[in-house]
Amino acid sequence: MREIDARGLACPAPVLQTKATLQEEHSGSVKVIVDNAASQQNVQRFLESQGFQTVLEQNSADYLVIGTCGDHQQPQAQPSVEEEADAKNIMVMCATDRMGFGDDELGLKLMVNFLRTLKEMGRELWRLVFVNNGVKLTIDGSEVLDDLKDFENKGYKILVCGTCLNHFNLLERKQVGETTNMLDIVTAMQVADKVINI
Amino acid sequence: MVFPTDENVIVGLDRADDAGVYKISDDLALIQTVDFFTPIVDDPYWFGQIAAANALSDVYAMGGIPKTAMNLVAFPVKQMDLSVLRQIIQGGIDKLAEAGVVLIGGHSIEDKELKYGLSVTGIVHPARVLAKKSLRPGDRLVLTKPLGTGIVNTAIKAGMASADLTDKVTRLMASLNRDAAGIMLRFDVHACTDITGFGLLGHLAEMVYGSGVSVRIFSDRMPMIPEALEFAAMGLLPAGAYKNKEFRESMIDFGHRVARSVQDVLFDPQTSGGLLISVGSDQSDALVKALSAAGISDTAKIGEVLEDPKEKIWVV
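Residues numbered from 1 in each chain as written. Chains lettered and ligands numbered in written order. Predicted model: local features only at pLDDT ≥ 70, side-chain atom pairs only at ≥ 80, totals over all residues.

### Let's talk about the overall build of chain B
- Secondary structure assignment for chain B yields ten helices and 13 strands.
- Taken over C-alpha atoms, the radius of gyration comes to 19 Å for chain B, in line with the 20 Å a tight globule of 316 residues would show.
- Counting only C-alpha atoms and orienting by the principal axes, one finds that chain B spans roughly 55 × 55 × 45 Å.
- The buried share among the 316 residues of chain B stands at 51%. (Helix = DSSP H or I, 4+ residues; strand = E, 2+ residues; numbered from the N terminus. Rg over C-alpha atoms; globule rule 2.2 N^0.38 Å. Buried ≥ 20, exposed ≤ 12 C-beta atoms within 10 Å, placed from the backbone.)

### What about the nonpolar core?
- B:Leu56 and B:Ile313 are the most contacted members of the largest nonpolar core, which has 111 residues in total.
- In terms of residue count, helix 1 (residues 44–61) of chain B provides more of this core than any other element does, eleven residues in total.
- Contact partners of B:Leu56, with chain neighbours within four places excluded, come to B:Pro66, B:Ala99, B:Val101, B:Val120 and B:Leu176.
- One finds A:Leu115, A:Trp126, A:Val129 and A:Cys161 within the second-largest nonpolar core, a separate group that totals 26 residues. (Core = buried A, V, L, I, M, F, W, Y, C linked by C-beta atoms within 7 Å. Contact = placed C-beta atoms within 7 Å.)

### A word on the packing of helix 1 (residues 13–24) of chain A against helix 2 (residues 37–49) of chain A
Residues and elements named next belong to chain A.
- Two elements in contact, helix 1 and helix 2, have axes separated by 8 Å at closest approach and are oriented at 35°. Helix 1 and helix 2 meet at a crossing whose hand is right-handed. Contacts between helix 1 and helix 2 involve Pro 14, Val 15, Thr 18 and Lys 19 from the former and Ser 39, Asn 42, Val 43 and Phe 46 from the latter.
- Split into classes, the residues belonging to the contact of helix 1 with helix 2 amount to four nonpolar, three polar and one charged. (Axes fitted to C-alpha atoms, helices over the stretch in contact; angles between N-to-C directions. Left-handed = near helix turned anticlockwise from the far one by under 90°. Nonpolar A, V, L, I, M, F, W, Y, C, P; charged D, E, K, R; others polar.)

### Considering the pairing of strand 4 (residues 62–68) of chain A
Residues and elements named next belong to chain A.
- Taking every second residue as pointing to the same face, the buried face of strand 4 carries Tyr 63, Val 65 and Gly 67, while none of Asp 62, Leu 64, Ile 66 and Thr 68 on the other face is buried.
- Examined bridge by bridge, strand 2 (residues 29–34) and strand 4 share six bridges and lie antiparallel to one another. Bridge pairing in strand 4 links Val 30 to Gly 67.
- Pairing analysis gives seven bridges linking strand 3 (residues 53–59) to strand 4, with the strands arranged antiparallel. By the bridge assignment for strand 4, Asn 59 is matched with Asp 62. (Pairing = 2+ DSSP bridges.)

### So, the sheet that holds strand 5 (residues 90–94) of chain A
Residues and elements named next belong to chain A.
- On the basis of which strands lie adjacent, the open sheet formed by five strands has the order 8-7-6-5-9 and parallel pairing. If you trace the sheet from one side to the other, it starts and ends with strand 8 (178–180) and strand 9 (194–197), each paired once. Taken pair by pair, the neighbouring strands of this sheet meet at an average axis angle of 25°, ignoring direction.
- Inspection of the sheet shows strand 7 (residues 157–161) paired to strand 8 by three bridges, in the parallel sense. Paired with Val 160 across the two strands is Thr 179, which belongs to strand 8.
- Seen against the sheet, helix 7 (residues 182–191) touches strand 5, strand 6 (125–130), strand 7, strand 8 and strand 9 and runs at an angle of roughly 150° to strand 6.

### What about the domain arrangement of chain B?
All names here are of chain B.
- Along its sequence, chain B is carved into domain 1 (9–128) and domain 2 (140–315).
- The interface is formed by 17 residues belonging to domain 1 together with 16 residues belonging to domain 2.
- For the side of domain 1 that touches domain 2, the elements supplying multiple residues, two or more each, are helix 1 and helix 2 (82–99).
- The element best represented in the side of domain 1 that touches domain 2 is helix 1, accounting for ten residues.
- Across the side of domain 1 that touches domain 2, the residue classes break down as nine nonpolar, four polar and four charged. (Domains from an automatic or database assignment.)

### Some details on helix 2 of chain A
All names here are of chain A.
- Over its 13 residues, helix 2 runs 18 Å from end to end, which matches the ideal 18 Å to within 8%, given 1.5 Å per residue.
- Of all the 13 residues making up helix 2, twelve are buried; the element is thus mostly covered by neighbouring parts of the structure.
- Residues of helix 2 that are buried include every one of Ala 38, Ser 39, Gln 40, Gln 41, Asn 42, Val 43, Gln 44, Arg 45, Phe 46, Leu 47, Glu 48 and Ser 49, and no others.
- Gly 51 sits one or two residues past helix 2 and shows a positive phi near 90°. (Expected span 1.5 Å × (residues − 1).)

### Some points on the domain arrangement of chain A
- Splitting chain A by domain gives domain 1 (2–68) and domain 2 (83–197).
- The straight-line distance from the C-alpha centre of domain 1 of chain A to that of domain 2 of chain A is 40 Å.

### Considering helix 6 (residues 199–208) of chain B
- The element helix 6 of chain B is largely enclosed, with a buried count of nine among its ten residues.
- Inspection of helix 6 of chain B places B:Gly199, B:Leu200, B:Leu201, B:Gly202, B:His203, B:Leu204, B:Ala205, B:Met207 and B:Val208 among the buried residues, and these make up the whole buried set.

### With respect to the sheet that holds strand 6 (residues 115–124) of chain B
All names here are of chain B.
- Pairing is mixed across the open sheet formed by six strands, whose spatial order is 1-2-3-6-4-5. Among the strands making up the open sheet, the edge pair consists of strand 1 (9–11) and strand 5 (102–110). Mean inter-strand twist for the sheet, computed between neighbouring axes without regard to direction, equals 20°.
- Contacting strand 3 (28–37), strand 4 (65–75) and strand 6, helix 1 runs over the sheet at an angle of about 35° to strand 6.
- Each of strand 4, strand 5 and strand 6 is contacted by helix 2, which is oriented at about 170° to strand 4, the strand it contacts most.

In structure tokens form, the structure reads like this:
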């Protein structure tokens with residue numbers, strides 16, 4: 001692994017040093033050491049623009065960026081700006097804890113399956129909102145509680161209707177998500193590109 | 001800290017607005033501001049112009065008319081030829097003349113590092129002071145200069161900006177906010193600030209914090225220097241952009257389709273940036289039209305004020 005020590009340098013010097021080193025001798029993996037967070041993020045952006053995958057680390061006063069490049073010969077510029085620009089903000093609103101009408105048992109099974117499969121939407125899934133009977137999916141004993149917690153840990157926002165929790169007397173039992181109000185829900189609907197109602 | 005005040009202080013330190021405002025009589029108030037910095041461009045004459053345009057901007061952002069100015073100079077007289085200082089001051093004087101402002105004094109000291117700036121005094125009607133936080137729900141937000149000067153300046157330092165781009169950005173930073181301010185005052189404007197070191201989102205956060213409203217920003221309508229997006233993706237961001245982000249992140253919610261390089265430009269510290277104007281929705285189109293007609297061509301409607309007391313900034 002090629003190591004670049006850019007400590008003691010201010011922006012944009014660490015990026016320039018990394019660039020010069022890679023131009024001189026292309027390496028499939030590189031470790032850049034800087035001494036401040038801004039330089040670390042700049043070097044990360046630079047390496048990513050050159051087709052590297054990056055990991056950030058911190059050892060006491062040293063900030064590290066470790067970059068690896070799958071293709072040793074020809075790094076490709078890959079700012080996925082285009083892709084990101086096309087991504088949508090999708091809001092999923094669950095007003096029930098059962099999917100569809102008919103058999104309740106089947107409805108619950110489908111709902112559990114639906115929420116577990118929802119991660120296939122990827123980063124476009126932006127908000128998950130629970131209202132009315134839907135709030136029962138967010139309390140202790142819910143079959144999908146672990147899945148929802150997993151969502152939340154991954155940075156997806158889960159909003160749970162406070163009025164509904166209150167109505168069912170479940171305020172104390174909610175285990176996941178942020179308690180919300182109608183204003184939040186309406187604003188989120190307006191900001192979202194797509195609202196899916198279940 | 002408790003800041004001293006008296007009954008004639010209309011805008012003081014406690015409000016942390018663009019400039020201080022002090023009432024002299026029922027129809028006259030003084031606006032006072034000061035700003036100075038280290039060189040941001042290599043050419044001393046342009047540096048002088050930019051420093052003056054930047055210092056004057058705070059008076060325009062308060063809805064006032066600048067009248068007089070004083071120089072602040074720190075100069076390494078042993079290392080640098082005095083002709084450099086002469087060119088800087090000439091740049092300042094020329095920019096002040098363009099604004100109809102007279103230089104009436106100043107002070108200089110010897111210092112290891114060159115610094116230049118000005119203290120500017122202006123006037124305004126006490127009832128027509130344009131504060132930062134008086135946003136009203138339904139207002140539209142209008143920005144009068146494109147973003148990205150901090151990033152481009154970093155790329156210039158890195159030797160990666162073309163001569164054309166360097167020239168374009170230098171002129172942009174040296175351009176006065178006077179015309180934009182003059183036009184703005186003909187409309188139903190409720191609040192205004194100028195975009196400088198905290199970047200668009202930092203200054204917007206100052207407007208929103210304590211205002212009791214939220215705002216939505218349309219990132220796809222934002223006027224931006226196109227090259228700034230490319231340089232941002234390459235990691236040519238000034239450290240200030242990261243500080244701005246860290247400081248205000250909790251107030252801001254980005255939609256997933258807002259690319260990282262766009263977010264970076266929204267936090268980019270600006271030198272002598274444009275005015276950010278909150279105007280009644282029924283007049284916003286007319287304001288943008290009037291600004292564009294006056295040659296302020298990068299003007300755009302970039303957002304709207306929401307009736308939401310959480311004081312959030314939604315960027316979509």
